[in-house]
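Summary of the model geometry
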There are 2 protein chains.
Amino acid sequence: MTRRSPDARRRGPSMADVAREAGVSGQTVSRVANGKTNVDDATRERVLAAMRSVGYRPNSAARALRNGQFRSIGAIISALPTFGNSRTLSAVASAVAAEGLTIALMPVTQSTQSEVTGAFSWLSEQAVDGIIILIEQHQLDENEIELPKGLPVVVIGADARHEHPVVDTNQAEGAAFATNHLLDLGHRTVWHIAGPPLSYAAERRQRSWRATLERAGRETPPVLTGDWSANSGYCHGLRLAEDPSVTAVFAANDQMALGLMRALHEKGRTVPGDVSVVGFDDMEEAAHFWPPLTTVRQSFEAVGRNAVTALLAEIANNSQGTAVVEVPTELVVRSSTAAPAG
Amino acid sequence: MTRRSPDARRRGPSMADVAREAGVSGQTVSRVANGKTNVDDATRERVLAAMRSVGYRPNSAARALRNGQFRSIGAIISALPTFGNSRTLSAVASAVAAEGLTIALMPVTQSTQSEVTGAFSWLSEQAVDGIIILIEQHQLDENEIELPKGLPVVVIGADARHEHPVVDTNQAEGAAFATNHLLDLGHRTVWHIAGPPLSYAAERRQRSWRATLERAGRETPPVLTGDWSANSGYCHGLRLAEDPSVTAVFAANDQMALGLMRALHEKGRTVPGDVSVVGFDDMEEAAHFWPPLTTVRQSFEAVGRNAVTALLAEIANNSQGTAVVEVPTELVVRSSTAAPAG
DNA sequence: GAACTACGTGCGTCGTGAATG
DNA sequence: ACATTCACGACGCACGTAGTT
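All values derive from a computational prediction rather than experimental measurement. The residue numbers shown here count from 1 along each chain, following its written sequence. Following the order in which they are written, the chains are lettered starting with A and the ligands numbered starting with 1. The model is predicted, so local features are restricted to residues of pLDDT at least 70 and side-chain atom pairs to those at 80 or more, both for listing and for counting; the totals for chains, interfaces and linings are taken over all residues. Based on all heavy atoms of the structure, the side-chain values leave hydrogens and waters out of the count.

**Side note on the overall build of chain A**
Think of it this way: any DSSP run of H or I at least four residues long counts as a helix, any run of E at least two long counts as a strand, and we number them from the N terminus. Helices and strands together make up the secondary structure of chain A, namely twelve helices and twelve strands. Counting only residues that meet the buried cut, chain A has 54% of its 342 residues in that class. For chain A, the exposed surface amounts to about 14600 Å²; the carbon and sulfur share of it is 49%. Each residue's exposure class comes from its accessible area (1.4 Å probe, protein chains only) as a fraction of the maximum for that residue type: buried when under 20%, exposed when over 50%, partly exposed otherwise. Residue exposure ignores everything except the shown protein chains as possible cover, and the areas themselves are Shrake-Rupley values with a 1.4 Å probe.

Now the structure itself:
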């Protein structure tokens, strides 16, 4: 009886309903909703009451359509539950929410080229004013993604060769901190368990580790390639434990350091007595590993904040920035490193 | 010259532009965009070409306004980077994305009453067809949140006394698994490091732990209240390590178990020789703790999937469900538990 | 002039009904 | 009769102009 259209969509009360309830015009309701000044206090109260009583909530679709802005930014993100991504996303979300905007999530399940491309075109149809890309893999450049022109984009943790602003932790600095710390303790050289090949962060940490060793005139052991998981650190650790010449290892993240230390324990090698271990990230748990892990702290919060700031600036200026922001790191020395036994 | 309005909003090309370019009416463009059948192949091609040439992308705001649906669901989430939340959110996001919907994130930074209430009213104004609430604290019931009537809601991991569907891990089952496992190994009783007081999950695990001990006729040691952090587990662990009568501890999550084990190590008590430890969650790292942690695995993926399913059903039926889904757990036995030394 | 009302317009999309071939 | 296409209007909101108290 009361339904108007065959497909009964759930439509809430509109301004017109509020206006009728409050006995004012739609204009006045609009003014109240937008916090304009030229409304009598008594009238405003009546309108507010009417809003409450009819359960009015502004239709953001209509508002977006009218204003040409969605007040929403999209986040393309791979591996959501990953420690770093999750922390960064949290920072992004907070910063975005502080501005009164929404963040629309676009998860990319796997690293398939087509899927990422699809994600882009899909998200680009969505109601967003800009996009933050949080994908650590190289997928980006392989296939030249065509983002809708004019849609501001900021990339987190990728390469700077894109035509968009990039925000990232200063991976090189962090890896140098870690490597130098071990060298300074007197270790002849430092082994490295790297992250997966396609990761920018992994690549940079590895390059910096190598450069640091070369700068110090030390020989560089072969790189051990992991995949960020504790298990990959464990696997490499089992082999490193067999080699008594290994006295110092820099793992590209804390999880791999954890797995590494487990392997060393299992093989009866002590940390840091026989082998010193440094991680990267400084996840909360790192202080409670056994032994507490010396690691490089990176500020995911700063990365997220900076990305949002950059994106918002792009949106406001309607410009295409290309700035590169590098967030500094910090070495946190705990109990997993010491001078070599020799 | 070309600008029309003083505030030059970035507006993309519309159907009208495509129509002009292709020499057809807007309706035909709409038909093509929506994959309707009654369009001549030649015309369709011409329209598609025009779309490409002008860089058309559908305006989802207009679409939402027209259709009365946003094809987006909101997620109110506290403590985004928390291990469990992050995993659950990931599952939610995947399930939602699989349906071709967007998920709008609404982070709640802290547990302030007013803030949560504000978050609700804020999000309720957003462009969402339904809401998933992922807040572990009790804040929900204190202040009777008034969600806009008719907006479907599903609650994850809270109490069932709400008028919305609830999805949660079977906390009671998991805690019973953990406690019985230790009892079966021959321990007289089991100590418990609980989660924070306001957490439903913490409360349920604790209740089940207590009930299991009572059912077995064992005395229940005083509860040690933590806050999920490894550090809180460490602090309690330092004291537990002093008491030689403590031979078995069930920590309400893996992080606290980690901190506990660190404290035991520091105090020279062996795990599981002197003290057996069980955690909860089975985070990836747990297998690489030292020693590898016996723990209760919960399926965040299943929780997330179920929540989305329930919400989508509510949206489709335009109904208010109140179903309660409990996701089963699984005990994963590793090396941190053994029979008591005595 | 302050505080409003009344009315009209346009944002982009898409269902409806009518018109074309 | 039929397939294809077109013109019109409405979704809810935000503004502008003109008029009222």
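**Re the pairing of strand β4 (residues 153-156) of chain B**
All names here are of chain B. Neither face of β4 is open: one carries V153 and V155, the other V154 and I156, and all of them are buried. Across three bridges, strand β3 (residues 130-134) lies against β4 in parallel orientation. Considered in β4, the bridge of I132 is made with V154. The pairing of β4 with strand β5 (residues 166-169) spans two bridges and is classified as parallel. The residue of β5 that forms the bridge with V155 is V166. By this definition, two strands are paired if DSSP reports at least two bridges between them.

**Thoughts on the confidence of the model for chain A**
Residue-level confidence of the predictor, termed pLDDT, takes values from 0 up to 100. Put simply, chain A has an average pLDDT of 87, and 87% of its residues get 70 or more. Contacts: residue pairs with any heavy atoms within 4.5 Å of one another. Under a pLDDT of 50 for its full length, residues 1-8 of chain A has, in the predicted model, one contact with residues more than four places off or in other chains.

**Quick look at the nonpolar core**
Only buried Ala, Val, Leu, Ile, Met, Phe, Trp, Tyr and Cys residues count toward a nonpolar core, and they belong to the same one when joined by side-chain atoms within 4.5 Å. Core analysis: the biggest nonpolar cluster contains 54 residues, and A:V277 and B:V277 have the highest contact counts within it. Those elements that place two or more of their residues in this core are β6 (191-194), α9 (200-215), β8 (248-251) and α11 (254-266) of chain A together with β6 (191-194), α9 (200-215), β8 (248-251) and α11 (254-266) of chain B. Residue contacts for A:V277: discarding those within four places in its chain leaves A:V249, A:A257, A:L260, A:M261, A:L264, A:V271, A:L293, A:T294, A:S336 and A:T337. A:I156, A:V327, B:A307 and B:L311 belong to the second-largest nonpolar core, a separate cluster that totals 48 residues.

**Details of unusual backbone geometry**
Residues and elements named next belong to chain A. With an omega of -5°, the peptide bond running from W290 to P291 counts as cis. Relative to the assigned elements, P291 resides in the loop between β9 (276-281) and β10 (294-298). In this structure, W228 is a non-glycine residue whose phi angle is positive, near 80°. With respect to the helices, strands and loops of the structure, W228 is situated in the loop between β7 (224-225) and α10 (230-240). Overall, W228 belongs to the buried group, its relative accessible area being 16%.

**Considering the sheet that holds β9(A)**
Residues and elements named next belong to chain A. Ordered in space as β7-β6-β8-β9-β10-β12, the six strands form an open sheet in which the pairing is mixed. Of all strands in the sheet, those bounded by a partner on one side alone are β7 and β12 (329-332). Sheet topology places β10 next to β12; four bridges connect them, and they run antiparallel. Paired with R297 across the two strands is E330, which belongs to β12. Each of β6, β7 and β8 touches α10; the most contacted strand, β6, lies at about 155° to it. Here α11 sits on the sheet and contacts β6, β8, β9 and β10; the angle it forms with β9, its principal contact strand, is near 155°. Axes, fitted as lines to C-alpha atoms, cover a helix only where it is in contact. Angles between the N-to-C directions of the axes lie from 0 to 180 degrees.

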